[in-house]
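Spelled out, the chains give:
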Amino acid sequence: LDEAEASFQNAAALHRQAKSVLGEGNDLCNLGGVLMWQNKLDEAEACFHNAAALHRRAKSVRREGYDLCCLGEVHMQRNKLDEAEACFHNAAALHRRAKSVRGEGYDLCCLGQVHMRRNKLDEAEACFHNAAASHRQAQDKLGEANDLCHLGKVHMQRGKLDEAEATFYNAAALHKQAQSVVGEGNDLCNLGKVHMRQGKLNEAEASFRNAAALHRQGNWAIGEAKDLRNLGEVHLQQGNLDKAEAVFENAVALRRQAQDVLGEEYDLGKLEELRLQRKKIHN
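Residues numbered from 1 in each chain as written. Predicted model: local features only at pLDDT ≥ 70, side-chain atom pairs only at ≥ 80, totals over all residues. Heavy atoms only, no water.

Q: Sorry if this is basic, but what is going on with the overall build of the protein here?
A: Helix and strand content of the protein: 14 helices and zero strands. Secondary structure elements in the protein, listed N-terminal to C-terminal, are α-α-α-α-α-α-α-α-α-α-α-α-α-α. Referenced to the eigenvectors of the C-alpha coordinate spread, the extents of the protein come out at roughly 80 × 40 × 35 Å. Within the protein, the fraction of its 283 residues that count as buried is 49%. (Helix = DSSP H or I, 4+ residues; strand = E, 2+ residues; numbered from the N terminus. Buried < 20%, exposed > 50% of the residue type's maximum accessible area, 1.4 Å probe, protein only.)

Q: Would you mind going over the pattern of salt bridges with me for this structure?
A: Oppositely charged side chains are able to pair whenever their charged atoms sit close together. Tallied over the entire structure, the rule returns 25 salt bridges. Across the pair Arg-255 and Asp-267 runs a salt bridge whose closest N-O atoms are separated by 3.0 Å. Highlighted residues: Arg-255 in helix 13 (residues 241–257) and Asp-267 in helix 14 (residues 261–282), separated in sequence by twelve residues. By relative accessible area, which is 2% here, Arg-255 ends up buried. Look at the salt bridges and you will find they share partners, linking Asp-242, Glu-245, Glu-249, Arg-275 and Arg-278 into a network. (Salt bridge = Lys/Arg side-chain N within 4 Å of Asp/Glu carboxyl O.)

Q: Please explain helix 5 (residues 81–97) as it appears in this structure.
A: At 3.6 residues per turn, the α-helix brings residues three or four places apart onto the same side. Between its first and last C-alpha atoms helix 5 spans 24 Å; for 17 residues at 1.5 Å apiece the expected length is 24 Å, and the two agree. The secondary structure elements touched by the buried residues of helix 5 are helix 4 (61–77) and helix 6 (101–117). Just beyond helix 5, the residue with positive phi is Lys-99, at close to 60°. (Expected span 1.5 Å × (residues − 1). Contact = heavy atoms within 4.5 Å.)

Q: Could you clarify how one ought to interpret the packing of helix 3 (residues 41–57) against helix 4 in this entry?
A: Relative placement of two packed helices is described by the angle separating their axes and the distance separating the axes. Viewed as axis vectors pointing N to C, helix 3 and helix 4 meet at an angle of 160°, and their least axial separation amounts to 8 Å. Viewed along their axes, helix 3 and helix 4 adopt a mutual orientation that is roughly antiparallel. The hand of the helix 3/helix 4 crossing is left-handed. Where helix 3 abuts helix 4, its residues Leu-41, Ala-44, Glu-45, Phe-48, His-49, Ala-51, Ala-52, His-55 and Arg-56 lie against Arg-63, Glu-64, Asp-67, Leu-68, Cys-70, Leu-71, Val-74, His-75 and Gln-77. (Axes fitted to C-alpha atoms, helices over the stretch in contact; angles between N-to-C directions. Parallel < 35°, antiparallel > 145°, perpendicular 65-115°, else oblique. Left-handed = near helix turned anticlockwise from the far one by under 90°.)

Q: Any chance you could explain the packing of helix 10 (residues 181–197) against helix 11 (residues 201–217) here in plain terms?
A: Two numbers describe how helix 10 lies on helix 11: the axes approach to 8 Å, and their chain directions differ by 160°. Judged by the angle between their axes, helix 10 and helix 11 are roughly antiparallel. Two packed elements cross with a definite hand, and for helix 10 against helix 11 that hand is left-handed. For the pair formed by helix 10 and helix 11, the contact residues are Val-181, Val-182, Glu-184, Gly-185, Asn-186, Leu-188, Cys-189, Leu-191, Gly-192, Lys-193, His-195 and Met-196 on the first element and Glu-203, Ala-204, Ser-207, Phe-208, Asn-210, Ala-211, Leu-214, His-215 and Gln-217 on the second. Of the residues in the contact of helix 10 with helix 11, the class split is ten nonpolar, eight polar and three charged. (Nonpolar A, V, L, I, M, F, W, Y, C, P; charged D, E, K, R; others polar.)

Q: Mind showing me how you'd approach unusual backbone geometry here?
A: The general pattern is negative phi for most residues beyond glycine and trans for most peptide bonds. The phi angle at Lys-99 is positive, at roughly 60°, despite the residue not being glycine. Looking at where Lys-99 falls in the secondary structure, it is placed in the loop between helix 5 and helix 6. Residue Asn-119 is not a glycine yet carries a positive backbone phi of 65°. By the secondary structure assignment, Asn-119 is in the loop between helix 6 and helix 7 (121–137).

Q: When you look at the nonpolar core in this model, what are you seeing that I'm missing?
A: Counting residues in hydrophobic clusters, the biggest one holds 30 residues, and the most contacted among them are Phe-48 and Phe-88. Within the residue set of this core, elements represented by two or more residues are helix 2 (21–37), helix 3, helix 4, helix 5 and helix 6. With residues near it in sequence (within four places) discarded, Phe-48 still touches Cys-29, Gly-32, Gly-33, Met-36, Asp-67, Cys-70, Leu-71 and Val-74. Met-156, Leu-161, Phe-168 and Ala-212 belong to the second-largest nonpolar core, a separate cluster that totals 25 residues. (Core = buried A, V, L, I, M, F, W, Y, C linked by side-chain atoms within 4.5 Å.)

Q: Looking at this structure, I do not really get the environment of Lys-40. What am I missing?
A: Topologically, Lys-40 is positioned in the loop between helix 2 and helix 3. When sequence neighbours within four positions are dropped, the list of residues in contact with Lys-40 reads Glu-5 and Leu-35. Only 3.3 Å separates the side chain of Lys-40 from the side chain of Glu-5, close enough to count as a polar contact. (Polar contact = N/O pair within 3.5 Å; in protein donor to acceptor, adjacent residues only side chain to side chain.)

Q: It is not clear to me how the side chain of His-175 should be interpreted in this structure. Could you clarify?
A: Its place among the elements puts His-175 in helix 9 (residues 161–177). With relative accessibility at 1%, the residue His-175 sits in the buried group. When residues no more than four places from it in sequence are discounted, the contact partners of His-175 are Leu-142, Ala-145, Asn-146, Ser-180, Gly-183, Glu-184 and Asp-187.

Q: Would you explain the state of the cysteines in this entry?
A: Two cysteines joined by a covalent bond between their sulfur atoms form a disulfide. Per the stated rule, a full pass over the model turns up zero disulfides. For Cys-110, which is in no disulfide, the shortest distance to another cysteine sulfur is to Cys-69 and amounts to 4.0 Å. Cysteine Cys-189 remains unbridged, with the sulfur of Cys-149 as its closest cysteine sulfur at 9.6 Å. (Disulfide = S-S within 2.5 Å.)

Q: Would you mind showing me how to read helix 9 here?
A: Compared with the 24 Å implied by 1.5 Å per residue over 17 residues, the 24 Å span of helix 9 between its first and last C-alpha is a close match. Regarding helix 9, the residues found buried are Leu-161, Ala-164, Glu-165, Thr-167, Phe-168, Ala-171, Ala-172, Leu-174 and His-175. Among the structural elements, helix 8 (141–157) and helix 10 are those in contact with the buried residues of helix 9. One or two steps after helix 9, the chain reaches Gln-179, where phi turns positive at roughly 60°.

Here you go:
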């Protein structure tokens, strides 16, 4: 990432020297993305602001929309929801002007996530429906799958478990078509949570096992650890303490491997609760 940061800074300097407004705007947007990955949010925000100004000067409406969407994501990370909402609205308007259906779909999905954080479920549902429609029109299966995953969470929050189940199934099918292993794993994990709330423990167990296998395939240790934690909860409800203990131990090992201190502490707590429960049974 440090090398990428230096490369984009050099490229921006060269484009500035060559008076290529569009090129410099592209470089600053890419640089902002690298800075976000490094959690350098002040620098990222400045880059996206400057990129948007340059793309406005270059009359590149679509790229300015993308800059504003990225800026909105910075505000989301900082929990500045008013600023994030304004950015996503403006980005969607620009992408609509530029006839970028895919871009508008992404903006609407981000806007839906703002509404979710505010617990405005009607607005969130409308955004995710519209985002999915845009991505379907653009034949962007990955985008549509992500929208449906968020929509499923809205249904879950409302207790509409049948709708949530159908939505997560559809999201998983699309993620599979798009060859997004981690995305499909997330859908199956959410599906497992639906099955747990429906009291379908066998289906929940299968969903969490499949989710863990996919996250393992995608080399996402934290995702796999979350799946195993949920699988452990299923085993507890099934009264199988030995299986639950083994699964929680694996989850702890994965958290440690990923240096996820808070997650590791939580899973160790679950393990300790289980062992206390077993002692009470034996006593």
